[in-house]
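A structural walkthrough
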Amino acid sequence: MLARSLHPAPKSPRFSIPGRLGLTAWLACALPCGSFAQEATRPEARNAIFFVGDGMGISTVTAARVFSVGVDGQLALDTMPFHALSRTASSDSITADSAATMSAMITGVSTNNGVISMGAESEPADFNMDGDGPPATTLFELAKAAGKRIGVVTTTRVTHATPAACYAHGNHRDAENDFALQALPTDASYNPALLGGLDLLAGGGRRQFLDASMTDEEGEAGRRSDGRDLRAEFQAANYEYVWNAEQWSALGVEQLPVLALFNSSHMEYEHDRALDLGGEPSLVELTLKAVELLEASADDNGWLLLVEAGRIDHAHHGGNAFRALRETEQLDRAVEAASAAVNLEETLVLVTADHSHGFVLAGYPLRPLEELPYKPRDWDEGFATGSARDRLLDVAYHLNARTGEVRAARDANGVPYTALLYASGPGSRTAARVDPREDKANGWFGAEPTGPRDPNYRQEAHVPLSSETHGGEDVSLYGVGAGSHRVRGTLSNTEIFQVMRRALGL
Ligand SMILES: [Zn+2]
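Residues numbered from 1 in each chain as written. Predicted model: local features only at pLDDT ≥ 70, side-chain atom pairs only at ≥ 80, totals over all residues. Heavy atoms only, no water.

1. A word on the coordination of the zinc ion
Around the zinc ion, the protein supplies Asp 313 (OD), Asp 313 (OD), His 317 (NE2) and His 470 (NE2) as donor atoms, at distances of 2.1 to 2.3 Å. Around the zinc ion sit 4 donor atoms, and with donor-metal-donor angles ranging over 58 to 151 degrees the site reads as irregular. For the zinc ion, all donor residues lie on one chain, and their spacing in sequence is D-x3-H-x152-H. Taken together, the positions of Asp 313 and His 317, both in helix H11 (residues 311–317) and 4 residues apart, correspond to about one turn of that helix. There is no split in this pair, since Asp 313 and His 317 are both buried. (Donors = N, O, S within 2.8 Å, 3.2 Å for Na, K, Ca; no water. Tetrahedral: all angles 85-135°; square planar, octahedral: opposite > 155°, others 65-115°. Helix = DSSP H or I, 4+ residues; strand = E, 2+ residues; numbered from the N terminus. Buried < 20%, exposed > 50% of the residue type's maximum accessible area, 1.4 Å probe, protein only.)

2. A short note on the nonpolar core
Counting residues in hydrophobic clusters, the biggest one holds 54 residues, and the most contacted among them are Phe 50, Met 102, Ile 106, Tyr 167 and Leu 350. Among the elements that make up this core, the one with the highest residue count is helix H14 (residues 493–504) (6 residues). Contacts of Ile 106, omitting those with residues within four sequence positions, involve Phe 50, Ser 117, Thr 137, Thr 138, Leu 139, Phe 140, Ala 165, Cys 166, Phe 497 and Met 500. By size, the runner-up hydrophobic cluster in this structure holds 46 residues, among which are Leu 77, Ala 290, Val 349 and Val 351. (Core = buried A, V, L, I, M, F, W, Y, C linked by side-chain atoms within 4.5 Å. Contact = heavy atoms within 4.5 Å.)

3. As for the sheet that holds strand E1 (residues 47–53)
Spatially, E5-E6-E4-E3-E7-E1-E8-E17-E2-E18 is the arrangement adopted by the 10 strands of the open sheet, whose pairing is mixed. The open sheet has two edge strands with one neighbour each: strand E5 (240–242) and strand E18 (490–492). Between one strand axis and the next, the sheet turns by 15 degrees as a mean value, whatever way the strands run. Relative to strand E7 (residues 303–309), helix H10 (residues 283–297) is tilted by about 170 degrees, and along the sheet it contacts E1, strand E3 (149–157), strand E4 (200–204) and E7. (Pairing = 2+ DSSP bridges. Axes fitted to C-alpha atoms, helices over the stretch in contact; angles between N-to-C directions.)

4. A closer look at unusual backbone geometry
Here the residue pair Leu 256 and Pro 257 is connected by a cis peptide bond, since its omega of 0 degrees sits within 30 degrees of zero. On the secondary structure map, Pro 257 appears in the loop between helix H9 (245–250) and strand E6 (258–261). A positive phi is found at Phe 445, a non-glycine position, where the angle reads about 50 degrees. Here Phe 445 lies in the loop between strand E14 (420–425) and strand E15 (461–464).

5. Overview of the domain arrangement of the protein chain
Parsing the protein chain into structural domains produces domain 1 (47–360 + 470–504) and domain 2 (363–418 + 427–464). Contact with domain 1, which involves 17 residues of that partner, is made by 12 residues of domain 2. Interface of domain 1 and domain 2: buried area, both sides summed, is about 1300 Å²; carbon and sulfur atoms make up 58% of it. Of all residues in domain 1, Phe 67, Val 71 and Phe 322 bury the most surface against domain 2, accounting for 33% of the area lost on that side. On the surface where domain 1 and domain 2 come into contact, there are 2 salt bridges. (Domains from an automatic or database assignment. Buried area = accessible area lost by both parts, 1.4 Å probe. Salt bridge = Lys/Arg side-chain N within 4 Å of Asp/Glu carboxyl O.)

6. What to know about helix H12 (residues 321–341)
Three or four residues apart is the spacing at which side chains of an α-helix point the same way, because the helix has 3.6 residues per turn. Its 21 residues place the ends of H12 30 Å apart at the C-alpha level, agreeing with the 30 Å of an ideal helix rising 1.5 Å per residue. The buried count for H12 comes to 15 of 21 residues, which makes it a mostly enclosed element. (Expected span 1.5 Å × (residues − 1).)

7. Observations concerning the pattern of salt bridges
Under the definition given, this model contains 36 salt bridges. Its salt-bridge partner being Glu 460, residue Arg 433 comes within 2.7 Å of it at the nearest N-O pair. Linking Arg 433 in the loop between E14 and E15 with Glu 460 in the loop between E14 and E15, this pair joins segments that are 27 residues apart in sequence.

8. A short note on the packing of aromatic side chains
Scanning the model with the defined rule gives 8 aromatic pairs in all. With centroids separated by 5.7 Å and ring planes inclined at 80 degrees, the aromatic side chains of Trp 248 and Phe 262 adopt a geometry described as edge-to-face. Here Trp 248, found in helix H9, pairs with Phe 262, found in the loop between E6 and H10; they are 14 residues apart in sequence, far enough to count as distant. According to the relative accessible area criterion, Trp 248 is buried, its value standing at 1%. A centroid spacing of 5.2 Å and a plane angle of 90 degrees characterise the contact between Trp 444 and Phe 445, whose relative ring orientation is edge-to-face. By relative accessible area, Trp 444 is classed as buried at 7%. Grouping aromatic residues by their ring pairs yields a cluster made of Phe 209, Phe 234 and Tyr 239. (Phe/Tyr/Trp six-rings, centres within 6.5 Å; stacked < 30°, edge-to-face > 60°.)

9. Points about H14
Between the first and last C-alpha of H14 there are 18 Å, a value that for 12 residues agrees with the 16 Å anticipated at 1.5 Å per step. Burial analysis of H14 places 11 of its 12 residues in the buried class, the great majority of the element. Looking only at H14, the buried set comprises Asn 493, Thr 494, Ile 496, Phe 497, Gln 498, Val 499, Met 500, Arg 501, Arg 502, Ala 503 and Leu 504. Just downstream of H14 lies Gly 505, where phi reads positive at about 70 degrees.

10. Considering the environment of Ala 338
Here Ala 338 is to be found in helix H12. Note: C-alpha distance between Ala 338 and Ile 150 (188 residues apart in sequence) is 16 Å.

Take a look at the structure:
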């Protein structure tokens, strides 16, 4: 009795939970565009640009903000009006790879790690040897069938997982030589769902278009073993072929369709781009020319464009935050430039990542001295000058609230540490930790860094691995323009396909 009186019957809950019908009605009312039913709808957008920052997890976006525009600055991404979280798990993995995630986003069908735009019944490389399931239709195939111009632009090899998932199908991402043929209209293994073909394919990866006996324009050998030169075969199939920045900037609409291959493998990192032999366009230049060509060639049916900043991922795998953040900054600038170049009343612009990385912004690094709302009583010399970028990359400096002094933060053994760290990867130190400012270990491609602000510094990693790993947490999805209002809440990455399909009326 006593217990009962202390625990009276619950009052009406603060939030009523509707029955199933009621919930459906409430969702229809509160989320008029939040359900992704398959019925065809009137198009809201004539065009769409899908930006993918490969490996651009939320910690990467936050760090890129500090790196690029300061702690309180605004990236273009920060100004986009619609935002959602996207779940990235694949059919077989809690933490996904780019093949599975891009397949999910561009076909609406979840699949296994390693699989390119086929369903989950296709095992990676068909290891059970029981055959593959059918190909999953991509948004690019639907767009082409609806009369749209279609373009795929990336900083990776054009046959790498993310771009390949737009135009090819296969049970393993490593079949890059085959993916090149699936884009070649005159080849027997051409993907017939592309109808007349990709109108634009641009990025790196010449080696997948050349036999191993041949060398490309910058002296690099091909990787094919069939004796073929697909550059010539694409030209014979009416494609304009270009391979450097100068040719790219000179392209006119009459030259579509275009195959542009700027490097033997992936394109250069933005930080290293000036060193390229033949000259490469930046991601901003790639994006703006692609938009210009597609817009000039399209009729009322419009166009669809993928822009992938693929090397955020690669720099993270190499344990080098500096390049990952430069690549992210470049993606942000491409989003800003493209959003200004298109008519947003008829163009959907989405930006997301396919997955995250085990990359953290940890510790308690202070803002730059001149940004502090108080004057410390004293500080280490290393803290006296420097921008927010320096404070981000450098060893972390802490305020001692008792003494008012700013000193380098120290670990349990008294050794300073940086705020940017990796859970795993090549940045793992085999010897005991030393002050990052005196750490000569493990620089980018063997370079000996002068300290954590050096662009070739590799942030420390916990688990030693030759390649740092992806992260499994949700990533951001940003939207602006026609049909972008469906970007809200927490979506599975397959629903990103539905957001674009619905907006384009496909
Ligand atoms: Zn990766």
